[in-house]
Amino acid sequence: MKYPPVHYHDYLGIEKILDAQHPVSVKYGKPAHDELLFIVVHQAYELWFKQILFELDSVLATFQKPKVAEEEMGQATSRLERIVAIQKLIMGQIDVLETMTPLDFLDFRDMLYPASGFQSFQWRLIETKLGLRIGDRLAYNQAPFWKSLTEEQQNKMLGVLDQPSLFDSLEKWLERTPFLQGENFNFWDSYKQAVNKMFTEDIATVKANANIPAEEKAKTIEGLEKSLQSFDALFNEEAFNKLRAEGQFRLSYKAMHAALLIQLYRDQPILQTPFRIIRALLDIDENMTNWRYRHAMMAMRMLGNKIGTGGSSGHQYLAAATAKHKIFSDFFNLTTFFIPRSQIPALPKSISDRMSFHYE
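Predicted, not measured: the structure shown is a model, and the values here were computed from it.

A. Structural context of the nonpolar core. Of all hydrophobic cores here, the largest spans 94 residues; its most connected members are Phe63, Leu174, Tyr191 and Phe331. Here this core gets 12 residues from one element, more than from any other, and that element is helix H14 (residues 272-303). With residues up to four places along the chain from it excluded, the contact list for Leu174 reads Leu251, Ala255, Ala258, Ala259, Ile262 and Phe331.

B. Spotlight on the packing of aromatic side chains. Considering all chains together, one arrives at 14 aromatic pairs under this definition. Relative to Tyr253, the ring of Phe240 has its centre 5.4 Å away and its plane inclined at 65°; by these criteria the two rings are edge-to-face. Placement of Phe240 in helix H12 (residues 237-245) and of Tyr253 in helix H13 (residues 253-264) is noted, with a sequence separation of 13 residues between them. In terms of burial, Phe240 and Tyr253 fall into one category: buried. Ring centres of Phe328 and Phe331 lie 5.8 Å apart, and the angle between their planes is 0°; this geometry places the pair in the stacked category. Stacked on the ring of Phe145, the Lys or Arg Arg137 has its end atom at 3.8 Å from the ring centre. Above the ring of Phe167, the side-chain terminus of Arg250 is found at 3.7 Å from the ring centroid.

C. Molecular detail of the side chain of Gln154. Within the secondary structure layout, Gln154 lies in helix H8 (residues 151-161). Classification of Gln154 by relative accessible area gives buried; the value is 16%. Ignoring sequence-local partners within four residues, the contact set of Gln154 consists of Trp146, Lys147 and Leu149.

D. Examining empty space enclosed by the protein more closely. The full count for this structure, using the stated rule, is 2 cavities of 30 Å³ or more. What lines the largest cavity is simply Ile52, Gln87, Ile90, Met91, Trp123, Ile126, Asn287, Met288 and Trp291. Secondary structure elements with two or more residues in the lining of the largest cavity: helix H5 (70-97), helix H7 (121-130) and H14. Looking at the second largest cavity, its volume works out to about 30 Å³. As for the second largest cavity, its lining consists of Ile52, Leu56, Ile83, Gln87, Ile126, Leu130 and Ile284. Counting only elements with at least two residues in the lining of the second largest cavity, the list comes to helix H4 (35-63), H5 and H7. For the lining of the second largest cavity, the per-class residue count stands at 6 nonpolar, 1 polar and no charged.

E. Layout of H14. The end-to-end C-alpha distance of H14, which contains 32 residues, comes to 46 Å, matching closely the 46 Å that a straight helix rising 1.5 Å per residue would cover. Taken from the residues just after H14, Gly304 is the one with a positive phi, measuring 65°.

F. Examining the pattern of salt bridges more closely. Summed over all chains, the structure comprises 16 salt bridges. Glu127 is paired through a salt bridge with Arg292; the nearest N and O atoms lie 2.9 Å apart. Linking Glu127 in helix H7 with Arg292 in helix H14, this pair joins segments that are 165 residues apart in sequence. What makes Arg292 buried here is its relative accessible area of 7%. Through salt bridges that share partners, Asp95, Glu98, Arg294 and Arg301 make up one connected network.

G. A look at the environment of Ala233. Among the structural elements, Ala233 can be located in the loop between helix H11 (214-230) and H12. Considering only alpha carbons, one finds Ala233 and Tyr253, 20 residues apart in sequence, at a separation of 9.4 Å. Ignoring anything within four residues of it in the chain, the contact list for Ala233 reads Ala239, Phe240, Leu243 and Tyr253.

Reading the values: rules and limits
Residues numbered from 1 in each chain as written. Predicted model: local features only at pLDDT ≥ 70, side-chain atom pairs only at ≥ 80, totals over all residues. Heavy atoms only, no water. Core = buried A, V, L, I, M, F, W, Y, C linked by side-chain atoms within 4.5 Å. Buried < 20%, exposed > 50% of the residue type's maximum accessible area, 1.4 Å probe, protein only. Helix = DSSP H or I, 4+ residues; strand = E, 2+ residues; numbered from the N terminus. Contact = heavy atoms within 4.5 Å. Phe/Tyr/Trp six-rings, centres within 6.5 Å; stacked < 30°, edge-to-face > 60°. Lys NZ or Arg CZ within 6 Å of the ring centre and 35° of its normal. 1 Å grid on protein atoms, 1.4 Å probe; cavity = no way out; pocket = protein on both sides within 12 Å on 5 of 7 lines; lining within 4 Å. Points joined across faces, edges and corners; volume = space filled by probe spheres on them. Nonpolar A, V, L, I, M, F, W, Y, C, P; charged D, E, K, R; others polar. Expected span 1.5 Å × (residues − 1). Salt bridge = Lys/Arg side-chain N within 4 Å of Asp/Glu carboxyl O.

See the structure below:
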């Protein structure tokens, strides 16, 4: 088939894109030079949000299947890593926006009421599809977050909230992880023994050190014993579920075990892709936190303690959202339960072989 010629200008819709900036300061006869920069940066954000959602929907389609096809795993991983790369790029746009001074912003800020970045439908979709729950969000003007959206967007958002998020789908996928228990090998029992051994040796080392003052030695030993006790919930499903109900964990008991297994044995060929997925989700969550933090600092720099154009507390709201709006906290907290490589239980050869690739 012969395709008709395509012109760069027409293919990219350049005319529509370049005609999409309409500074309100010009409309009111008070042109503010930096308003064009403000518009372009935020439009660029929205274009990249569109691409992130495109990649995220693709990954969701893979993980929402009852059985995740192995051949789709590499593709899903690459698309998550692409989202990470996009996040790094849009973070750099804040540097460009901050070339606008507070006085430059005040030239047109009062003309923007009640428009606010909180009304970004695509950003809210990204958060929701990744797995940020309603209960984990800060209240905005004493109303659910979707109330700031248009009526059409509210209806769409409510539909998305009824669907499994990436967190939900990933949890189910982790729960299906093999190798947690096999013939003559129970990972968790072996790991518990390794943890106990590590802490017992650390406590013995402290006790044997004559150079540590008695008071400091007692405090150190007490701290090590408390750390050892903190592992108990990971070895006791009932205790774990109690802490989970209190909000200390979000992942299920089984999914948490699987995530830890993947991290500890990530060098095994079959676990390298799952490890990259967890690492990409860590990066995505961290980048979202950094992006919120940069916006909070920019709001403080531009506005001080003024309220936001949408009626929020401005910098204070953004700073509080930075601390609270986390999705994959369990993956960050997993490091609490890491032990040195030298202490990690060796895998039986039968399981190690199953985790490896074999070529004749």
